[in-house]
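Summary of the model geometry
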Amino acid sequence: MVTSLTSEVEVDIYDVIFKRKSIRKYDNSPLDEGVLNRISEELNNLTPLYDDIKTDVKIISGDDVKLRSMKQAPHYLAIFSENKEGYLTNLGFMLQQMDLLFSASGIGSCWQGIPSPKGHVLKSSDLNFIILIAFGMPTEPLHREDTSEFKRKSLENITDIEDADELLEPVRLAPSAINSQPWFFTGTKDMILAYSNKPNFLKAVFVNKYIPIDVGIAIYHLKVSAEHFKKTTKIMFNKNETTPKGCNYYATLKLDSEG
Ligand SMILES: Cc1cc2nc3c(=O)[nH]c(=O)nc-3n(C[C@H](O)[C@H](O)[C@H](O)COP(=O)(O)O)c2cc1C
């Protein structure tokens, strides 16, 4: 459960996964100062995948962004990180927490790989700029009404784990750059290995940079799902894990029953 950014209402983040969507049309008026302060507080409380990687997230205005044909939002999260093994997966895992919290709070958001911040924003951090997330009040429906509205691969195409359909459904619904859904989950329902598929040559040009972010997002959805089913999650990186041909290994999730 999380507390909404816009009221004291408690929301189950698991439920949000089944209705969230990327929002691309925004009311241009800025959010209330109080809400922006709550967002800043939450940014300081995000759970990292790896706690030895320095990250920095700034709230910037739409005027601080080179849009490159994307529609402007009133606010953006500008996400910076040091360049260390696992840093993109770490950011996907961390910032998907905000994407779901925005959606749970009536605020629209969208990961944005195409636009970039203007020079003064880039100079404002010692870390490397990685990606933006647009956010603000939506002027289109915030939520999907039914999971059939998600354009996603079927479970058989993203996993070969038996008896884990309910557990993995939230992973199937995770967002990814150009909706490429580059993930594959194997192992057992108590010890899940997260891989990405190598994209074909043409797709690779667009998605290579984003694949580790996408997998981090999917791993976060898996953690939320496991906790919903009363499992604790230990996420490990096993350098010696065997990797099927055409795949990249990201993480192993050990799921145990609570208590
Ligand atoms: C890493 C990443 C980068 C993205 N970049 C863009 C972008 O530049 N522009 C855009 O309109 N959507 C972008 N998206 C949103 C995806 O297109 C969207 O998540 C996907 O099509 C699935 O749709 P949904 O989020 O509505 O479920 C990005 C998503 C991710 C995860």
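Look up a bit, the structure's there.
No experiment lies behind these values; they were computed from the predicted model shown.

Parameters at a glance
Residues numbered from 1 in each chain as written. Predicted model: local features only at pLDDT ≥ 70, side-chain atom pairs only at ≥ 80, totals over all residues. Heavy atoms only, no water. Pairing = 2+ DSSP bridges. Helix = DSSP H or I, 4+ residues; strand = E, 2+ residues; numbered from the N terminus. Axes fitted to C-alpha atoms, helices over the stretch in contact; angles between N-to-C directions. Contact = heavy atoms within 4.5 Å. Near = heavy atom within 4 Å. Polar contact = N/O pair within 3.5 Å; in protein donor to acceptor, adjacent residues only side chain to side chain. 1 Å grid on protein atoms, 1.4 Å probe; cavity = no way out; pocket = protein on both sides within 12 Å on 5 of 7 lines; lining within 4 Å. Sits in = over half its atoms within 2 Å of the grid points. Domains from an automatic or database assignment. Left-handed = near helix turned anticlockwise from the far one by under 90°. Nonpolar A, V, L, I, M, F, W, Y, C, P; charged D, E, K, R; others polar. Points joined across faces, edges and corners; volume = space filled by probe spheres on them. Buried < 20%, exposed > 50% of the residue type's maximum accessible area, 1.4 Å probe, protein only. Expected span 1.5 Å × (residues − 1). Arc of directions from axis to C-beta.

Pairing is antiparallel across the open sheet formed by four strands, whose spatial order is S3-S5-S8-S6. Edge positions in the sheet fall to strand S3 (55-61) and strand S6 (108-112), since each has one partner strand and no second. The sheet shows a mean angle of 25° between the axes of neighbouring strands, taken without regard to direction. With five bridges joining them, S6 and strand S8 (residues 128-136) adopt antiparallel strand pairing. Looking across to S8, one finds that Gln 112 is bridged to Leu 132. Where helix H2 (residues 33-44) meets the sheet, its contacts fall on S3, strand S5 (75-81) and S8, and the angle it forms with S3 comes to roughly 165°.

Let us now look at the site of the ligand. For the ligand, the set of nearby residues contains 21 residues, the closest of which are Arg 20, Ser 22, Arg 24, Arg 144 and Arg 152. Gly 113 has a polar backbone atom sitting 2.9 Å from an oxygen atom of the ligand. Counting atoms within 2 Å of the grid points, the majority share of the ligand lands in the largest pocket. Only S6 and helix H7 (211-228) provide two or more residues apiece to the shell around the ligand. Shared between two domains, the shell around the ligand takes at least three residues from each, and those domains are domain 1 (2-136) and domain 2 (151-257).

This next bit is on the packing of helix H5 (residues 165-172) against H7. Each pair of packed helices gets described by two things: the angle between the helix axes and the distance between those axes. In contact at an axis separation of 8 Å, H5 and H7 are set at 145° when each is read in the N-to-C sense. Of the two elements, H5 crosses H7, and the hand of that crossing is right-handed. Within the contact between the two elements, H5 uses Glu 166, Leu 167, Leu 168, Pro 170 and Val 171 and H7 uses Ala 218, His 221, Leu 222, Ser 225 and Ala 226. Its residues assigned to classes, the contact of H5 with H7 shows seven nonpolar, two polar and one charged.

Inspection of the entire model under this criterion finds one cavity of 30 Å³ or more. Here the largest cavity defines a volume of roughly 30 Å³. Contributing to the lining of the largest cavity are Arg 20, Lys 21, Asp 99, Ser 103, Ile 107, Gly 108, Ser 109 and Leu 142. Going through the elements one at a time, helix H3 (87-104) and S6 are the ones with two or more residues in the lining of the largest cavity. Considered class by class, the residues forming the lining of the largest cavity number two nonpolar, three polar and three charged.

Here we take up the pairing of S8. The element S8 is largely enclosed, with a buried count of seven among its nine residues. As paired strands, S5 and S8 are joined by seven bridges and run antiparallel to one another. By the bridge assignment for S8, Tyr 76 is matched with Ala 134.

Now for the environment of Val 16. With respect to the helices and strands, Val 16 occurs in helix H1 (residues 13-17). Overall, the relative accessible area of 1% leaves Val 16 in the buried class. Once residues lying within four places of it in the same chain are set aside, the contact partners of Val 16 are Val 11, Leu 100, Ser 103 and Ala 104.

Its twelve residues give H2 an end-to-end C-alpha distance of 17 Å, which sits within 8% of 16 Å, the value for a rise of 1.5 Å per residue. The complete set of buried residues in H2 reads Val 35, Leu 36, Arg 38, Ile 39, Glu 42 and Leu 43. The buried residues of H2 occupy an angular sector of 155° when projected down its axis, which confines them to one face. Turned more than 90 degrees from where H2 packs its buried face, Glu 33 and Asn 44 sit exposed. If you follow the buried residues of H2, they end up packed against strand S1 (2-3), S3, S5, H3 and S8.

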